[in-house]
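Notes for the structure review
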Amino acid sequence: MEVQKSENGEVQDEEYNPYEHRQVKKPNSDVRSLANLLKASLGSGILAMPLAFSNAGWGFGIIGTIIVAFVCGHCVHIFVTVSRGCCKVLRKPLLNYAETCEAAFSIGPKKFRRFARFARVFAEVAQLLTYLGVCCIFTVLIADSIKQLFDRYVTSAIVPVEYYCLAILVPLCIMCQIRYLKWLAPFSLIANVLLVATFAICIYYIFKDEITLNGRKVIGPAARLPAFLSTVIFAMEGIGVVMPVENAMKKPQHFLGCPSVLVIAMSFIMMLYTILGVFGYFRYGDELKGSITLNLPIDDWPAVCAKVFIAISIFLTYPLHFYVVVGVLTRFSEPYVKKEYRNMSQIMGRTAIVLLCGGIGVALPMLEYITNFVGALFYSILGLVIPGVVETIYKWKDLGKFNWILWKNIIIVLFGVFCVISGCAVTIGDIIKRLNNPLV
């Protein structure tokens, strides 16, 4: 088979079209795929955006959010493009995230091919840790919202948030037995509606009274900018869900392009994040908590609805992110499980993972710090560093010393590494300070 490459490095093979060979059990329409992609990136992160702006200042926050949205969207675009090119070279109908990393190295320069297996394992582990962290954050966020309501309306039983983390594990275990994205799409759609309603209620309280800019920083302290980047990257990134969504589409060619599922999703996400971030900061200033819903008054019925909506929305979103965790562990464990025991192993494994995430949430119920840590360490690697490296390896033969793609990817990777190091350092320092001064 003769393989050719276009000027932009994408493999061209007229004999093999991966779309024609895909056999998906439950294919999704463009609308369902858009709902899943929006839910992957449009979750609890949007409610942390005002806190991110309080770290960065409103001026830097607006510019930084737009830049991060563009970079994250670009990284998704290049990764999907590489995955499609690898499918054509290897004559495979589809590849998941880790398989794309392995394929890019295996068909890249000979000196890098020996790292193909390592690239796949590294990507799998990065995905696993990233979405385990997300599930921990969701557990704490649901518990925090429920606790606020119970503390206000059931005053006879004031209990720590850890107990609420434990209480929600049973319904989460049941929800996480859903195994197909097609069946998750309706829940994602409901969650999106509830999240938009929560967003509208937050906007109502933000603009309810006159907004003042007194004391609101244009640019925050340099030491807090890594915390801003960590939160925004956590909020924006959904790359671990991108390949499952794209692979499950009826018309995957509609995922990229303009207009496309990706462009519509990222544009909508960037707009909502910027609006809520800047005006949420204007309203509440430095008193912001890990989720802006926790700053809303507890006595007004719209605020109560917002807290209920966000708890239900995140509850319905949990299985979508959980899908990535299960997918990774299944690929590792399935070869060692007999076929007749696979259904039972799925049930038990899914239950064990939910309990693990709940246990971590109980051990460290500090929402904003977990959010920053997951964004800084895991999402920076998964959504920035890996796509930049993978595209560079895939297009290596076409890269010259002054090729803009090479320098662009170097900047992306360095930016990702900076976010990892600085974000983790600041977050660990914040956690230590919080543990030493629990009342602060």
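An account of the accompanying structure is given in this report.

1. With respect to the overall build of the protein chain
- A tally of regular secondary structure across the protein chain gives 17 helices and 2 strands.
- Scaling as 2.2 N^0.38, a compact globule of 440 residues should have a C-alpha radius of gyration of about 22 Å, and the protein chain matches this with 22 Å.
- In the protein chain, which comprises 440 residues, the proportion classed as buried is 55%.
- Long-range pairs, those at least 24 residues apart, make up 83% of the contacts in the protein chain between residues at least 6 apart in sequence.
- In the structure as shown, the protein chain presents an accessible area of about 19,500 Å², 67% of it carried by carbon and sulfur atoms.
- Computed over 40 positive and 28 negative side-chain charges, the inter-centroid distance for the protein chain is 5 Å.

2. Section: the side chain of T100
- Along the chain, T100 falls in helix α5 (residues 97-106).
- Each residue touching T100, except ones within four places of it in the same chain, is listed here: F79, V82, S83, C86 and L95.

3. Section: the pattern of salt bridges
- What the rule picks out here adds up to 8 salt bridges.
- In this structure, E102 and R120 form a salt bridge, with 3.0 Å as the shortest nitrogen-oxygen distance. Residue E102 is located in helix α5, and its partner R120 is located in helix α7 (residues 116-153); the two are separated by 18 residues in the primary sequence.
- A salt bridge links K147 to D151; its shortest N-O distance comes to 2.8 Å. Of the two residues, K147 and D151 are both situated in helix α7; the distance of 4 residues between them amounts to about one turn of the helix.
- Connected through shared salt-bridge partners, E99, E102, R120, E124 and R331 make up one network.

4. Thoughts on the packing of helix α4 (residues 58-90) against helix α11 (residues 225-236)
- In contact at an axis separation of 10 Å, α4 and α11 are set at 45 degrees when each is read in the N-to-C sense. Classified by the angle their axes make, α4 and α11 are oblique. With respect to the hand of their crossing, α4 and α11 are arranged in right-handed fashion. Contact with α4, carried on its side by F60, G61, G64, T65, V68, A69 and C72, involves L225, F228, L229, V232, I233 and M236 of α11 and no other residues of that element.
- When grouped by side-chain class, the residues that make up the contact of α4 with α11 number 10 nonpolar, 3 polar and no charged.

5. Let's talk about the nonpolar core
- Formed by 123 residues in total, the largest nonpolar core has its most connected members in Y97, M236, F255, L276, Y318 and I386.
- With 15 residues, the top contributor of residues to this core is α7.
- Residues within four places of Y318 in sequence aside, it is in contact with C135, F138, T139, L172, C176, V354 and C357.

6. Remarks on the environment of A185
- In this fold, A185 is placed in helix α10 (residues 181-206).
- Remark: the alpha-carbon pair of A185 and N36, spanning 149 residues in sequence, is separated by 6.1 Å.
- Discounting residues that sit within four places of it in the chain, A185 has contacts with R32 and N36.

7. Here we look at the packing of aromatic side chains
- If you walk through the whole model with that rule in mind, you get 12 aromatic pairs.
- Between the aromatic rings of F79 and Y97, the centroid separation amounts to 4.4 Å while the plane-to-plane angle is 20 degrees, which identifies the pairing as stacked. With a gap of 18 residues between them, F79 in helix α4 and Y97 in helix α5 connect regions that are remote in the sequence.
- Take F79: its relative accessible area is 1%, and that puts it in the buried class.
- Judged by its relative accessible area of 1%, Y97 is buried.
- Consider the rings of F279 and F282, whose centres lie 5.8 Å apart with planes at 80 degrees: the pair is edge-to-face. Here F279 pairs with F282, and both are found in helix α13 (residues 261-284), just 3 residues apart, close to one helical turn.
- What links up through ring pairs into an aromatic cluster is the set W58, F207, F279 and F282.

8. Here we look at the packing of α4 against helix α17 (residues 404-436)
- Closest axis-to-axis distance for the α4/α17 pair is 12 Å, and the angle between their directions is 120 degrees. For the element pair α4 / α17, the angle class is oblique. The crossing of α4 and α17 is left-handed. Note on element contacts: α17 touches α4 through K408, N409 and I412, opposite H74, C75 and I78.
- Tallied by class, residues from the contact of α4 with α17 come to 3 nonpolar, 2 polar and 1 charged.

9. What to know about the environment of T198
- Residue placement: T198 occurs in helix α10.
- The exposure class assigned to T198 is buried, which follows from its relative accessible area of 0%.
- Taking the C-alpha atoms as reference, T198 lies 9.1 Å from P302; in sequence the two are 104 residues apart.
- Leaving out residues up to four positions away in the same chain, T198 has contacts with L47, T293, A306, F309 and I310.

10. Quick word on unusual backbone geometry
- Its identity is not glycine, yet R91 carries a phi of approximately 55 degrees, on the positive side.
- With respect to the helices and strands, R91 occurs in the loop between α4 and α5.

11. Side note on the state of the cysteines
- One pass over the full model with this rule turns up 0 disulfides.
- Cysteine C202 remains unbridged, with the sulfur of C305 as its closest cysteine sulfur at 12 Å.
- Just so you know, C419 is unpaired, no disulfide at all, and the nearest cysteine sulfur is the one on C72, 8.9 Å from it.

12. Focus: α17
- Taking 1.5 Å of rise per residue, the 33 residues of α17 would be expected to cover 48 Å, and the 48 Å separating its terminal C-alpha atoms lies within 8% of that figure.
- Sitting at the head of α17, N403 places a side-chain oxygen 2.9 Å from the backbone nitrogen of I405.

The rules behind the values
- Residues numbered from 1 in each chain as written.
- Predicted model: local features only at pLDDT ≥ 70, side-chain atom pairs only at ≥ 80, totals over all residues.
- Heavy atoms only, no water.
- Helix = DSSP H or I, 4+ residues; strand = E, 2+ residues; numbered from the N terminus.
- Rg over C-alpha atoms; globule rule 2.2 N^0.38 Å.
- Buried < 20%, exposed > 50% of the residue type's maximum accessible area, 1.4 Å probe, protein only.
- Contact = heavy atoms within 4.5 Å.
- Areas by Shrake-Rupley, 256 points an atom, 1.4 Å probe, with all protein chains shown as cover.
- Lys, Arg positive; Asp, Glu negative; His and termini not counted.
- Charge placed at Lys NZ, Arg CZ, Asp CG, Glu CD.
- Salt bridge = Lys/Arg side-chain N within 4 Å of Asp/Glu carboxyl O.
- Axes fitted to C-alpha atoms, helices over the stretch in contact; angles between N-to-C directions.
- Parallel < 35°, antiparallel > 145°, perpendicular 65-115°, else oblique.
- Left-handed = near helix turned anticlockwise from the far one by under 90°.
- Nonpolar A, V, L, I, M, F, W, Y, C, P; charged D, E, K, R; others polar.
- Core = buried A, V, L, I, M, F, W, Y, C linked by side-chain atoms within 4.5 Å.
- Phe/Tyr/Trp six-rings, centres within 6.5 Å; stacked < 30°, edge-to-face > 60°.
- Disulfide = S-S within 2.5 Å.
- Expected span 1.5 Å × (residues − 1).
- Polar contact = N/O pair within 3.5 Å; in protein donor to acceptor, adjacent residues only side chain to side chain.

Without other data, these values stay purely geometric and don't point to any function.
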